[in-house]
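# Structural description and commentary
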Amino acid sequence: MKFLIINGPNLNMLGIREKNIYGSETYEGLLAYIRKICEQEGIEAEFYQSNHEGDIVDRIQAAYGNIDGIVINPAAYTHTSVAILDALKAVSIPACEVHLSNIYEREEFRHHSFISAACIKTFYGMGFEGYKEAVLCLKKYMEEQSG
């Protein structure tokens, strides 16, 4: 089983940006955390981060035929990107959406996710733990689909 973990804009700045919202853990710490979970679950993990919407779309498209599941934190593109939504729908790879913060306790514009329409589940407000839950959810979903 191979999962692609996609992180959108500014997540590379974890540990620097808005520590009161995102904490002091770094992006490298996040990757190590996810890598450990995936290793424990026997899942191969590939990581991708970009601050550019089109690059994220290209990476999702490149996953077609090569990736079993996608965990995506589209960050600010959550609330604006029909292009990422359409890319996820086009490849039809099972996906889970993750947000470190509780998007429903923040500015009103953050309350709507275009991306969730292409995802089997969304995890928010759980910090790094949300990624673990997304990986486990996708694994379970994949196992149930394969019978």
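Before reading on, note that the structure itself is shown above.
Bear in mind the structure is a predicted one, so any value in this text is a computation, not a measurement.

## Some words on the nonpolar core
Among the nonpolar cores identified, the biggest contains 23 residues, and F3, L11, L14, L30, V71, Y131 and V135 are the most heavily contacted of them. The set of elements that each furnish at least two residues to this core consists of strand 1 (2-7), helix 2 (27-40), strand 4 (95-99) and helix 5 (129-146). With 6 residues, the top contributor of residues to this core is helix 2.

## Considering the side chain of S81
Inspection of the secondary structure assignment puts S81 in the loop between strand 3 (69-73) and helix 4 (82-91). Only 2.5 Å separates the side chain of S81 from the side chain of E53, close enough to count as a polar contact. Contact partners of S81, with chain neighbours within four places excluded, come to E53, F114 and I115.

## Some remarks on the pattern of salt bridges
On inspection of all chains with the given rule, the structure shows 4 salt bridges. Where E41 meets K139, a salt bridge forms, and the shortest distance between an N and an O atom there is 2.8 Å. Here the residue E41 occupies a position in the loop between helix 2 and strand 2 (44-49), and K139 occupies one in helix 5, the gap between them amounting to 98 residues. Residue E46 is joined to R59 by a salt bridge in which the shortest nitrogen-to-oxygen separation is 2.2 Å. With a gap of 13 residues between them, E46 in strand 2 and R59 in helix 3 (residues 53-62) connect regions that are remote in the sequence. The class of R59 is buried, set by a relative accessible area of 15%. Through salt bridges with shared partners, one network takes in K2, E44, E46 and R59.

## What about helix 2?
In this model helix 2 runs 20 Å from its N-terminal to its C-terminal C-alpha over 14 residues, within 8% of the 20 Å that 1.5 Å per residue would give. For helix 2, the full list of buried residues reads Y27, L30, L31, I34, I37 and C38. The buried residues of helix 2 occupy an angular sector of 130 degrees when projected down its axis, which confines them to one face. Exposed side chains of helix 2 directed beyond 90 degrees from the buried face belong to E28, K36, E39 and Q40. Two residues or fewer after helix 2 comes G42, characterised by a positive phi angle close to 70 degrees.

## What to know about the pairing of strand 1
Taken across its 6 residues, strand 1 has 5 buried, putting it largely inside the fold. As defined by bridge partners, strand 1 adjoins strand 2 across 6 bridges and the pair is classed as parallel. Residue pairing in the sheet places F3 in a bridge with A45 of strand 2. Across 5 bridges, strand 1 lies against strand 3 in parallel orientation. Across the sheet, the residue bridging to I5 is V71, located in strand 3.

Cut-offs applied
Residues numbered from 1 in each chain as written. Predicted model: local features only at pLDDT ≥ 70, side-chain atom pairs only at ≥ 80, totals over all residues. Heavy atoms only, no water. Core = buried A, V, L, I, M, F, W, Y, C linked by side-chain atoms within 4.5 Å. Buried < 20%, exposed > 50% of the residue type's maximum accessible area, 1.4 Å probe, protein only. Helix = DSSP H or I, 4+ residues; strand = E, 2+ residues; numbered from the N terminus. Polar contact = N/O pair within 3.5 Å; in protein donor to acceptor, adjacent residues only side chain to side chain. Contact = heavy atoms within 4.5 Å. Salt bridge = Lys/Arg side-chain N within 4 Å of Asp/Glu carboxyl O. Expected span 1.5 Å × (residues − 1). Arc of directions from axis to C-beta. Pairing = 2+ DSSP bridges.

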